[in-house]
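So the chains spell out like this:
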Amino acid sequence: MQHDKVLILDFGSQYTQLIARRVRELNIYSEIHPFNKIPSNIDDYKAVILSGSPFSVRGNEALHPDLSKIRGKKPLLGVCYGAQYLAHFFGGNVAPSNTREYGRAHLSKINEHGLFFKGISNGSQVWMSHSDTIQILPENGVLLASTDAVENAAFKIKDETTYAIQFHPEVYHSKDGKKLLENFLVHIAHVTPDWTPASFVEETVDFLKKKIGDDKVVLGLSGGVDSTVAAVLLHKAIGENLYCVFVNNGLLRKNEFKSVLHQYEGMGLNVKGVDASRRFMEALSLQDDPETKRKIIGRVFIEVFDDEAHRIENVKWLAQGTIYPDVIESVSATGGPSATIKSHHNVGGLPDFMKLKIVEPLKTLFKDEVRRVGAALEIDADLLGRHPFPGPGLAIRILGDITEEKVRILQEVDAIFINGLKEANLYNKVWQAGAMLLPINSVGVMGDERTYEKCVALRAVESTDGMTADWVNLPYEFLQKTSNDIINQVKGVNRVVYDISSKPPATIEWE
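Calculation rules
- Residues numbered from 1 in each chain as written.
- Predicted model: local features only at pLDDT ≥ 70, side-chain atom pairs only at ≥ 80, totals over all residues.
- Heavy atoms only, no water.
- Helix = DSSP H or I, 4+ residues; strand = E, 2+ residues; numbered from the N terminus.
- Rg over C-alpha atoms; globule rule 2.2 N^0.38 Å.
- Buried < 20%, exposed > 50% of the residue type's maximum accessible area, 1.4 Å probe, protein only.
- Contact = heavy atoms within 4.5 Å.
- Areas by Shrake-Rupley, 256 points an atom, 1.4 Å probe, with all protein chains shown as cover.
- Lys, Arg positive; Asp, Glu negative; His and termini not counted.
- Charge placed at Lys NZ, Arg CZ, Asp CG, Glu CD.
- Axes fitted to C-alpha atoms, helices over the stretch in contact; angles between N-to-C directions.
- Parallel < 35°, antiparallel > 145°, perpendicular 65-115°, else oblique.
- Left-handed = near helix turned anticlockwise from the far one by under 90°.
- Arc of directions from axis to C-beta.
- Nonpolar A, V, L, I, M, F, W, Y, C, P; charged D, E, K, R; others polar.
- Core = buried A, V, L, I, M, F, W, Y, C linked by side-chain atoms within 4.5 Å.

(A) How the structure looks around the overall build of the protein. Across its full length, the protein holds 13 helices and 18 strands. Here the C-alpha atoms of the protein give a radius of gyration of 25 Å, agreeing with the 24 Å that 2.2 N^0.38 yields for 511 residues. Put simply, the protein has 511 residues, and 57% of those count as buried. Nonlocal contacts in the protein, meaning residues at least 24 apart in sequence, comprise 74% of its contacts between residues at least 6 apart. Carbon and sulfur atoms form 48% of the exposed surface of the protein, whose accessible area is close to 22400 Å². Positive and negative charge centroids in the protein, built from 57 and 65 side chains respectively, lie 1 Å apart.

And the structure:
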């Protein structure tokens, strides 16, 4: 890859990948590595960013990177924990805050009039998330900015291109965060911003050609954005050696198996539909634990693909549409200390019995980046605008055990909700929407008779990458009509609620 690269050292923050995403929005390629596994080819990186962390620099478990080949030799930016590390272990002092500093703050004293804060004014909103504070700057530290509550909100090291900030520029609530990163990377570190969707397509296709050669690849299509973009990239690289399989696991949306197969007609892809719904439903019988359901679905997917792979002569590779948030939420993307939130069916490798190698052309991209790459590949805009849908399908939207009747109910509810969003011109204003079937019954009245039926929860969020999300304030009139339609048309449901939780602290899916 002939691009300037930025190294992000991961100290375990759930925001680390947001730093990477903000950097990429500047058309700059970035890589995340664990704080204790600094690449040996450090000279290949133009700048380095130290992430935040759930740890404290004052604790016995403080994370200690070896910065001997970085500090003073390359432009360096410390964020939150990174800033505290540069202070605490280089002659300054970090102590507990009198009050936990979390949430919005405003820069009140910008003392630097050079490139770092260029175009950023006093009063600019930033996002704080820390319980320690920098009391004394490190040796040769120069104060750059403060907030009302945090005196040492930003500083630099004299005669070095080493900068540090207590706040998080990567978070949406830091209004000038992207501008600050641009100032540091482009104007101070002189990184060339030339990593674009078009360049990603060109380089990935070239990489796939060299990696796969004349081998055959089997790919599991889902009908969603990720697997479709992965398929088109692979098709561009290896052509007829790509074999696509679309599996009906019995947990798709209403009529989705037929509609997805129809969707791929005319795209030039070799797609085979496999109805394995009975196989999945039998494997999931009486299972109600979310992680168990995910693992069962992952296992059966692998078994189905293994069966199909044996029908393809000399197939060597299994391709997957894995993207960054999948990897992040299953385990730290780079083996660092980030916490696991949930497992994903397409993350974690293959069992020994399956003799296929994995290729994941999108595993470094966020959802919005995948869509931009898809646009560069000239994939239909309607397909690229499709809402994300979980790999395990409705299994993780049915809380508790799964039965065919529950699947039928949720498919009907989901269809009314999604079609209603489209008819009301709300679908494209929502990043992801779906319905959850709750494991409870509630009392109701229909036609003067008592009912005791299911409750469903509707969920609609706005997001850019799935890492954070806010609930969408859908019009009351729309929610009222949708609720009435569901209760009147779906036998077995007598109550509808709307989820107004954001991520964090909640996740987008309920399981």
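(B) Highlighting the packing of helix α5 (residues 225–238) against helix α10 (residues 367–376). Axis separation between α5 and α10 bottoms out at 10 Å; the angle between their running directions is 40 degrees. Classified by the angle between their axes, α5 and α10 sit oblique to one another. The handedness of the crossing between α5 and α10 comes out as left-handed. Of the residues in α10, those in contact with V225, D226 and V229 of α5 are K367, V370, R371, V373 and G374.

(C) Looking closely at helix α6 (residues 256–263). Among the residues of α6, those classed as buried are E256, F257 and V260. Burial along α6 is one-sided: seen end-on, the buried residues are contained in an arc of 100 degrees. Opposite the buried face of α6, by more than 90 degrees, sit the exposed residues K258 and H262. If you follow the buried residues of α6, they end up packed against β11 (242–248) and β12 (271–275).

(D) Highlighting the packing of helix α7 (residues 277–284) against helix α8 (residues 290–310). At a minimum axis separation of 10 Å, α7 and α8 run at an interaxial angle of 145 degrees. Crossing angle aside, the handedness with which α7 passes α8 is right-handed. Here R279, F280, A283 and L284 of α7 lie close against α8, whose contacting residues are K293, I296, I297, R299, V300, F301, E303, V304 and D307. Of the residues that constitute the contact of α7 with α8, the class distribution is 8 nonpolar, no polar and 5 charged.

(E) A look at the nonpolar core. The biggest cluster of nonpolar side chains holds 50 residues, and the ones touching the most others in it are L251, V413, L421, L474 and I486. Apart from residues no more than four positions distant in its own chain, L474 is found in contact with F417, L421, L426, V430, A460, L479 and Y498.

(F) Expanded view of the environment of T364. Locating T364 in the fold gives a position in the loop between β14 (357–359) and α10. The class for T364 is partly exposed, based on a relative accessible area of 28%. Residues T364 and T16, spaced 348 residues apart in sequence, show a C-alpha to C-alpha distance of 13 Å. The contact partners of T364, leaving out residues within four places of it in the chain, are R24, F200, Y324 and E369.

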